[in-house]
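# Understanding the architecture of this molecule
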Amino acid sequence: MKNNTLAIFGGQQVKTTPFGTGKRFGIDEATELLEALEQNTLFYHFGNKVKQFLSDFNEMYGVKYSVATSSGTAALHVALGAAGVTVGDEVITSPITDQGTVIGILYQNAVPVFADLEPHSYNLTAESIERVITPKTKAIIVVHLAGNPCDMEPIMELAKKHKIKVIEDCAQSYLTTYKGRLTGTIGDYGCFSTNDFKHISTGDGGIVSINSGQEEDYYTTHAFADKNYKRQEKSVIRDIEYLAPNYRMTELQGAVGIAQLKKLEWICTRRNELGEQLTVGIQNTKGIHPMKITKGGWCSYWFYMFTLDSESLKCTREEFSTALLAEGIPNSPGYIPQVLYAQILFQQKQAYLNSHYPFDQGNYDYAIGSCPNAERILQNAIRLDINEFFENKDIEDMITALNKVAAHYRV
Ligand SMILES: *Cc1c(COP(=O)(O)O)cnc(C)c1O
């Protein structure tokens, strides 16, 4: 049997050793948790764990203020509320992202507007955003997908010109940099998730950084995550001027977060090395477009997503994916099942059951085909796991398998 016969056709499988694994949580998290319990309170405002977590985050990110939340979705909602996004406003964002990116927009009764993506970085661009700006545009949520930064310079310029707030969705881009600056510190707000699938986990949780450094903005953001209670004064002010949810983080999450943050740098550094190694190994492979890192960017690879060049391959994306799996390389076709605007919620304009509000406040069109690059990305992409516990050998095997499968199916 020849070595280049695909495993799916009875050839020898490329991957013969298990992928590297490791434990994310250990004695440091346990110690912090015990300390949290010994405080005799798990309320963030009375204990010290969430406060410590945020102050460590602030130091790492070089920001003055941040607010902890119960999830990344909550962090985004809080940033939108703090940015003043309200009924009838429009918020521009990416059609390829977690639905958590748009949930807060709709809860503010504002309308998500989708802009198309750059075909190989999978990110929003200033040009695509500009095409969908209207007088109602209040904010942009840029998503640094998979840890790859958006090209922020032109986006910030555009936002300034139109007086639009910029919220960075950094759920997948811990310690990612763009021209030497950390993502999450470039726009008006940076939003992070510590759900169990991100670079670091507190089970669930999130952070919003307030980049103006203004105390007033901090207070507004802080209150918006806590029922609009104003806890800055000695006695809490409970006056409600407008609606805000309760998205508080507990001391238990803060405690785990303190220990997790200490590991963040090596996690991101390692993921960057592995992701870059993969790109080097496939950059000359005909039939495969590697993930394109934005110029001036440093990527912390939450995952690795490449696309197939359908012109030079005689297989479908599903055939390629299945063949790769047979070589011992787990992978998933695409990322999310379809662009967000193809979801029933947008197609039927139904954010709230039995209602078309707030979509009926304007003339919104979520036609299939409206972001062709994004749709094409999801049709041609294959996603590979990147994990800080992988060995370099694991990536070598991925490269060998990718090249083997591509060679087989090349026209
Ligand atoms: C995970 C994720 C979110 C939502 O975070 P949760 O903590 O799950 O609410 C939002 N945006 C992106 C890009 C994400 O990956």
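Each value, and the rule that gives it
Residues numbered from 1 in each chain as written. Predicted model: local features only at pLDDT ≥ 70, side-chain atom pairs only at ≥ 80, totals over all residues. Heavy atoms only, no water. Phe/Tyr/Trp six-rings, centres within 6.5 Å; stacked < 30°, edge-to-face > 60°. Helix = DSSP H or I, 4+ residues; strand = E, 2+ residues; numbered from the N terminus. Buried < 20%, exposed > 50% of the residue type's maximum accessible area, 1.4 Å probe, protein only. Domains from an automatic or database assignment. Contact = heavy atoms within 4.5 Å. Buried area = accessible area lost by both parts, 1.4 Å probe. Salt bridge = Lys/Arg side-chain N within 4 Å of Asp/Glu carboxyl O. Polar contact = N/O pair within 3.5 Å; in protein donor to acceptor, adjacent residues only side chain to side chain. Nonpolar A, V, L, I, M, F, W, Y, C, P; charged D, E, K, R; others polar.

A separate point is the packing of aromatic side chains. Using the criterion set out here, one finds 21 aromatic pairs in the structure. Consider the rings of Phe 57 and Phe 192, whose centres lie 5.1 Å apart with planes at 75°: the pair is edge-to-face. One end of the pair, Phe 57, is in helix α2 (residues 49-61); the other, Phe 192, is in strand β8 (residues 189-193), and 135 residues separate them in sequence. No difference in accessibility class separates Phe 57 from Phe 192, as the two residues are buried.

As far as domains go, the protein holds domain 1 (2-23 + 263-336 + 372-409) and domain 2 (27-260). Computed over C-alpha atoms only, the centres of domain 1 and domain 2 are separated by 30 Å. Taken together, the 31 residues of domain 1 in the interface contact 36 residues of domain 2. When domain 1 packs against domain 2, close to 2,800 Å² is buried across both sides, 61% of that on carbon and sulfur atoms. The salt bridge involving Lys 292 is made with Glu 118; its shortest N-O contact spans 3.0 Å. Run the count over domain 1 and domain 2 and you get 21 residue pairs in polar contact (both at pLDDT 80 or more). Sorting the residues of the side of domain 1 that touches domain 2 by element identifies α8 (251-282), β11 (297-298), β12 (303-308) and α11 (372-380) as the ones contributing at least two each. Ranked by the residues each element gives to the side of domain 1 that touches domain 2, the list is headed by α8, at six residues. Within the side of domain 1 that touches domain 2, the residues separate by chemical class into 19 nonpolar, seven polar and five charged.

Okay, helix α3 (residues 72-82) next. For an α-helix, the turn length of 3.6 residues means that residues three or four places apart are oriented alike. Extensive coverage of α3 is indicated by the burial of ten of its eleven residues. The complete set of buried residues in α3 reads Gly 72, Ala 74, Ala 75, Leu 76, His 77, Val 78, Ala 79, Leu 80, Gly 81 and Ala 82. At the exit of α3 stands Gly 84, carrying a positive phi of roughly 85°.

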